[in-house]
Amino acid sequence: MISQVKLKTQPNISLSYVRDNENNRFYWGRRGPSVHLSYTFPAERNFKWFYNEITVQPGDDPVGSYFMANGFAEGYFGIQVNSTSERRILFSVWSPFKTDNPDEIPEEQQIKLLKKGEHVYTGEFGNEGSGGQSYLKYNWKAGVTYSFLNSVEPDGMGNTAYTAYFLDPEVGEWILIASFLRPQTDTWYKRPHSFLENFIPTAGHLSRKGTYSNQWAADSDDNWTELTEAKFTGDDIARRGYRLDFAGGSQEGQFFLKNGGFFDEMTDLNSMHHRPASGQAPLINWEKLP
Amino acid sequence: MLSIYNLYFLIAMAFWQNLELQQNEFIIPIAGNTYQTPSEKPIKITASGWESWSETNTVWSTYVHSSASSQVDLEIYIPSQTANATISVDLNGSKKLQLQAGQSGWVNLGDFQLHHGYNQILFQGVEKAELISA
């Protein structure tokens, strides 16, 4: 019916919108800008564990939201709003073999499941890279602060194990999501980060926001280090200025990410942000982790 | 010999034409910038725009961010109108537009006001020939 709108403005006015469909940008643009926080690790130390907390306030959690808490160089771990009746805890590890089709991954580069929690689905994923995926259907609630703990540990034989745990304060015990072995990988925890994205193109006009708090990392001897610095970045749609409805940084002592909904208070990309240290390391009973 | 009035007229014309040349022109694709509400019965939005509408309570919102407030001249591109219809177009002020079956090309709706920050251009069907005869 209508395919284009032409606006003739006064001089020196610039307009921002999704301008072209190269690399499927109409799709990505309608999803809205994805935004990230990359936490600063102290240099020259090997970390095994990363701990983070997420709180999403009521109304900031439209369908299509993915509040990713514990990202690492080879995957991610967070919570999603999949429909009006279903929410999930998602933990995924990419294969070292780069493809969007899981069927193409050679046997020796496939992600192996080591263990998984009760009622957790595990399988393969594709489209944005391929690898091992696990999720637990779990109706997490807005307004509740959830804890995420995961580890990255080389096995000394050229593989690395990735394990994820989730804590619901109303349950009070850590639950295992899954543990995967990634072949041809020899690494400790690298690139700790969080992100916020919308994965439903028809919901990109809705705003979502999450707070990310109390980040800590621990080495293999369980020595905790608090992470209080983060760099705010965005995806291709944000970097091109096709969408400007993104924000992130520090607010009321916590980090936050916000996107979608066409709000006007944009945060500069690549800006550094700090939160005050709490000095209270997470209390983990390692022996009781499933 | 050129009279002083003719000179004023030529200067005014040159000034107006210069203003016209200085206007910025932006073409916003519907496909990457538009959302439908309510979204319960989604109508596919493609590079050619959205597919034929039938319900008058459906609104399509196209979003654009402006670096400053500005008066704008607004046109819409109709690839091919399938039925006589009336639509409303709202950009901080509403206008109605009658479209004829078989019509295509750019249609000018005149001046609107663009605010600094995000603006919402609303399109809504008012009536359509099939709806009237149904």
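The preceding data block contains the structure.
The model shown is predicted, which means the values in this text are computed figures rather than measured ones. (Residues numbered from 1 in each chain as written. Chains lettered and ligands numbered in written order. Predicted model: local features only at pLDDT ≥ 70, side-chain atom pairs only at ≥ 80, totals over all residues. Heavy atoms only, no water.)

A. Expanded view of the sheet that holds strand S1 (residues 4-9) of chain A. Strand order in the open sheet formed by four strands is S1(B)-S1(A)-S6(B)-S9(B), and the pairing between neighbours is antiparallel. A single partner strand is all that each edge strand has here, and the edge strands are strand S1 (24-29) and strand S9 (105-114) of chain B. The average angle at which neighbouring strand axes cross in this sheet is 25°, direction not considered. Pairing of S1(A) with strand S6 (residues 70-78) of chain B involves five bridges; the strand directions are antiparallel. Its bridge partner being in S6(B), Lys6(A) is matched across the sheet by Glu75(B). (Pairing = 2+ DSSP bridges. Helix = DSSP H or I, 4+ residues; strand = E, 2+ residues; numbered from the N terminus. Axes fitted to C-alpha atoms, helices over the stretch in contact; angles between N-to-C directions.)

B. View of the interface of chain A and chain B. Facing 33 residues of chain A, the contacting portion of chain B comprises 49 residues. Summed over both sides, the interface of chain A with chain B buries roughly 4,200 Å², with 58% coming from carbon and sulfur. Residues Lys6(A) and Glu75(B) are paired through a salt bridge, measuring 3.9 Å at the closest nitrogen-oxygen approach. Elements supplying a minimum of two residues to the side of chain A that touches chain B: S1, strand S2 (15-16) and helix H1 (25-31) of chain A. Per-element tally for the side of chain A that touches chain B: the top contributor is S1(A), with six residues. Counted by class, the side of chain A that touches chain B contains 14 nonpolar, eleven polar and eight charged residues. (Contact = heavy atoms within 4.5 Å. Buried area = accessible area lost by both parts, 1.4 Å probe. Salt bridge = Lys/Arg side-chain N within 4 Å of Asp/Glu carboxyl O. Nonpolar A, V, L, I, M, F, W, Y, C, P; charged D, E, K, R; others polar.)

C. Geometry of the pattern of salt bridges. Residues and elements named next belong to chain A. In this structure the tally under the stated criterion is 14 salt bridges over all chains. A salt bridge links Glu170 to Lys141, with the shortest nitrogen-to-oxygen separation between them at 2.9 Å. Taken together, the positions of Glu170 in the loop between strand S12 (160-167) and strand S13 (174-182) and Lys141 in the loop between strand S10 (131-137) and strand S11 (145-154) put the pair 29 residues apart, joining distant regions of the chain. Accessibility expressed as a relative area gives 43% for Lys141, which makes it partly exposed. Across the pair Asp245 and Arg243 runs a salt bridge whose closest N-O atoms are separated by 2.8 Å. One salt-bridge network, held together by shared partners, links Asp20, Arg25, Asp236 and Arg240. (Buried < 20%, exposed > 50% of the residue type's maximum accessible area, 1.4 Å probe, protein only.)

D. Seen up close, the nonpolar core. Counting residues in hydrophobic clusters, the biggest one holds 43 residues, and the most contacted among them are Phe91(A), Phe166(A) and Ile177(A). Excluding its chain neighbours within four sequence positions, the residues that come into contact with Ile177(A) are Phe77(A), Ile89(A), Phe91(A), Lys116(A), Gly117(A), Val120(A), Ser134(A), Leu136(A), Ala164(A) and Phe166(A). Core analysis: the second largest hydrophobic core is formed by 32 residues, Phe26(B), Trp50(B), Val64(B) and Ile87(B) among them. (Core = buried A, V, L, I, M, F, W, Y, C linked by side-chain atoms within 4.5 Å.)

E. Focus on the environment of Arg25(A). Residues and elements named next belong to chain A. Following the sequence through the fold, Arg25 ends up in helix H1. Once the C-alpha coordinates of Arg25 and Glu173 are considered, the two residues, 148 residues apart in sequence, prove to be 42 Å apart. Dropping the residues within four chain positions of it, Arg25 is found in contact with Val18, Asp20, Asp236, Ile237, Arg240 and Tyr242.

F. Region of interest: the packing of aromatic side chains. Here the structure, examined in full by the defined rule, presents 31 aromatic pairs over all chains. Judged by centre distance (5.7 Å) and plane angle (45°), the ring pair of Tyr39(A) and Phe50(A) falls under tilted. With a gap of eleven residues between them, Tyr39(A) in strand S3 (residues 35-39) and Phe50(A) in strand S4 (residues 49-55) connect regions that are remote in the sequence. Classification of Tyr39(A) by relative accessible area gives buried; the value is 4%. Given the relative accessible area of 0%, Phe50(A) is considered buried. Ring centres 4.9 Å apart and planes at 75° place the aromatic pair Phe262(A) and Tyr118(B) in the edge-to-face group. Here the residue Phe262(A) occupies a position in the loop between strand S19 (254-259) and strand S20 (271-274), and Tyr118(B) occupies one in strand S10 (residues 117-128), the pair thus bridging two chains. (Phe/Tyr/Trp six-rings, centres within 6.5 Å; stacked < 30°, edge-to-face > 60°.)

G. Just unusual backbone geometry, in detail. Cis geometry marks the peptide bond from Thr37(B) to Pro38(B), where omega comes out at -10°. When you line up the elements, Pro38(B) lands in the loop between strand S2 (34-37) and strand S3 (45-46). Even without being glycine, Asn24(A) reaches a positive phi, approximately 65°. Take Asn24(A): it is sitting in the loop between S2 and H1. Phi angles above zero are rare outside glycine, and Asn92(B) is one such case at about 55°. Looking at where Asn92(B) falls in the secondary structure, it is placed in the loop between strand S7 (85-90) and strand S8 (94-99). Classification of Asn92(B) as partly exposed rests on a relative accessible area of 39%.

H. Quick peek at the pairing of strand S15 (residues 208-218) of chain A. Residue and element names in this part refer to chain A. Most of S15 is tucked away, with ten of its eleven residues classed as buried. Where S4 meets S15, six bridges bridge the pair, whose relative direction is antiparallel. In the strand pairing of S15, Phe50 is matched with Ala217. Relative to S19, S15 is paired through five bridges, and the arrangement is antiparallel. Residue pairing for S19: Arg208 is matched across the bridge by Asn259. Bridging between S15 and strand S16 (residues 224-226) involves three bridges; their strand directions are antiparallel. Each residue of the ladder has a partner; that of Ala218, found in S16, is Trp224.

I. The environment of Leu113(A), seen in detail. Residue and element names in this part refer to chain A. Relative to the helices and strands, Leu113 is located in strand S8 (residues 112-116). Each C-alpha atom, one on Leu113 and one on Ser179, is 6.2 Å from the other, the two residues being 66 residues apart in sequence. Excluding anything up to four places from it in sequence, Leu113 contacts Thr122, Ala178, Ser179 and Phe180.

Distances and angles like these do not, on their own, reveal function.
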